[in-house]
Amino acid sequence: MPKKKEKVPEYSTVIHNGNEYFRTRIKDADGKRVAIYGSTCKELHKKVKKAQREIDDIIFRRENPTVKEYCEKWLMMKSATVKAQTIRGYERTLCKYVVEPIGDMYMDEVNLDDLKLLMVPVSKMSSSVYSKVNMLVKCIFQSAEANQLIQDNPSAALSATGGKKQHKKDALTDEQVNLLLSTIKDLPPYVFVMIGLYAGLRREEILALQWDCVFLDEPTPYISVRKAWRCEKNRPVISTELKTSAAKRDIPIPKCLTKCLREAKEKSISDFVIADSNGEPLSYSQFQRVWKYIEVRTTKERKYYKYVNGQKIVCTIHPELGSHQQNNPKLIYALDFDVTPHQLRHTYITNLIYYGVDPKTVQYLAGHENSKITMDIYAKVKYNKPEALIGIVNNALNQSTNDINSEK
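Criteria and thresholds
- Residues numbered from 1 in each chain as written.
- Predicted model: local features only at pLDDT ≥ 70, side-chain atom pairs only at ≥ 80, totals over all residues.
- Heavy atoms only, no water.
- Pairing = 2+ DSSP bridges.
- Helix = DSSP H or I, 4+ residues; strand = E, 2+ residues; numbered from the N terminus.
- Axes fitted to C-alpha atoms, helices over the stretch in contact; angles between N-to-C directions.
- Core = buried A, V, L, I, M, F, W, Y, C linked by side-chain atoms within 4.5 Å.
- Buried < 20%, exposed > 50% of the residue type's maximum accessible area, 1.4 Å probe, protein only.
- Contact = heavy atoms within 4.5 Å.
- Salt bridge = Lys/Arg side-chain N within 4 Å of Asp/Glu carboxyl O.
- Expected span 1.5 Å × (residues − 1).
- Polar contact = N/O pair within 3.5 Å; in protein donor to acceptor, adjacent residues only side chain to side chain.

Q: Please set out the sheet that holds strand β1 (residues 12-16) residue by residue, giving values where relevant.
A: Pairing is antiparallel across the open sheet formed by three strands, whose spatial order is β1-β2-β3. Bordering the open sheet on either side are β1 and β3 (33-38), each of which pairs with just one other strand. With strand direction ignored, the average angle separating the axes of adjacent strands in the sheet is 45°. Taken together, the six bridges between strand β2 (residues 19-27) and β3 define a ladder with antiparallel strand orientation. Looking at β3, one finds that R23 is bridged to Y37.

Q: For the nonpolar core, give the residues involved together with the corresponding values.
A: Core analysis: the largest hydrophobic core is formed by 52 residues, its most contacted members being L180, I195, I223 and L261. Considering every element that reaches this core, the biggest residue donor is helix α7 (residues 190-199), with eight residues. Aside from chain neighbours lying at most four places away, what touches L261 is V191, I195, W211, V214, L216, I223, I253 and V273. One finds W74, L115, L136 and L149 within the second-largest nonpolar core, a separate group that totals 29 residues.

Q: Can you break down the pattern of salt bridges residue by residue, with the values?
A: Tallied over the entire structure, the rule returns eight salt bridges. Here K47 ties to E43 by a salt bridge, and the two come within 3.4 Å at their closest N and O atoms. Of the two residues, K47 and E43 are both situated in helix α1 (residues 41-63); the distance of four residues between them amounts to about one turn of the helix. E232 serves as the salt-bridge partner of R88, at 3.2 Å between the closest nitrogen and oxygen. With R88 in helix α3 (residues 84-102) and E232 in strand β6 (residues 228-232), the pair connects residues that are 144 residues apart, well separated along the chain. Residue classification places R88 among the partly exposed residues on the basis of a relative accessible area of 26%. One connected set of salt bridges, linked through shared partners, spans R88, R230 and E232.

Q: I'd like to hear about helix α4 (residues 112-123), residue by residue, with values.
A: An ideal rise of 1.5 Å per residue puts 16 Å on 12 residues; α4 measures up with 16 Å between its terminal C-alpha atoms. Residue N111 occupies the N-cap position of α4, its side-chain oxygen lying 3.1 Å from the main-chain nitrogen of D113.

So yeah, pure geometry; function would need other evidence.
This is the structure in C-alpha cells:
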C-alpha cells in the first residue's frame, strides 16, 4: 500500500530584511513561544517537526532523566553550598561507582536489586569508600523522590554498613619517634615529619605553610595556620580555604621544632617551608617521592617486576631489619613499622591527651570543629590503661563501701 503523502500546513508570511519568509510559533521546553522561519511552507514544516522532536526529548529527559543526567544535575545543585574540592571528590566517586555501572538506566527504572549489585564491588573495598558511595546513592535518590521524579526510593532499604574495616594505625611510641627521626635526619622528609609530630598540622596545612606564618622570634614561637594545599591535575594549588573554620589556629611550638625550623629557614630559598628545588610548593607526585625516603627504609614486604626471556615475573622481597638494600648499600632497613603522614598528627594529639592537656585545648590545637572527634581519641587514650583507671576504680569502690558501712 503506497505511503500517504503528508499534508503541509499553510503558514503566514512576514517580511524580514526585505525578504518574505513563512513563519510560525511554537512553545519551547520552558513554555515560552518562539518563532521559526522558512523560505517555503515545506521547509518550515520540516523545521517545526525537528524542533518539536527536540523539545519533546528535552521535556521527556526532564521528567525521565537517566542516572548519569540526574547525578550531573545533583552535583550542580550541591555546588552552591558545598566546597569545590568536595564536589570534585563526589564527582569522581559517582562517576566510578555509580555512573559507570548504571548511568544509562532511567532513574525510575532503578530498583533495590540494581543498587545492591552496584554495591557488591564496593563492599570489597574499605569501609570508608563503602560509606561514601552509600551516602551519595541515598542523597541522589532521596533528591529524585523529593522532586517527584520517582515514586519509590529504592535506596531507602540499602544497607548502610559494609566494606572492609581498615586497621586504624596507632600513634607512634616515643621509641618509634626517636628511631624515625634519627633514620631520616638530613633527608627531604625530615622537616615535614617534625612539623607533623610537634605541631600536629594536617598534610595539606604543612605543604601550604609559608615562612611569613612561622613566628620564630616571638617570646613564644608559634605557627599560624591560614592556608591549605591541594592538587589539581598534579599541580599544587594554595588557597585560604581550610578544611573547617576551626582549622584556622595559632599553634605554640616546642624548642626542638623551633630549632629545626630556624635551621631550615637559613637554608631555604623559598617562601614555602616545604618546597621543591625551584622554591615552588610540592605537587602530589613530588610529595610521594619525598615520602618514599621513609617507605624504602621500612621492612615492609615489597614487590618488583623483572623480565626473564621476555616474560614478566613478579618478585617479592622481605627486607630484614638492619640489612642493606642490595642496589644501594648506603640504604639501611632501619624501621620495623609503617608510617603515614596522618600518623604524625595522630601522635601529636595522642601525646597532648596522654600528658594531661584538657580536651577543649586539644580540640583547638588539633583544629577539630567537632569536639566528638577529640573526645573519641581522648577516651581511647585516657581510659584504656590500667594505671590511668586504678584511681577512678578505687575512688568509686571506696565510696561504695563507705555508703554500705554508713547504712549498717
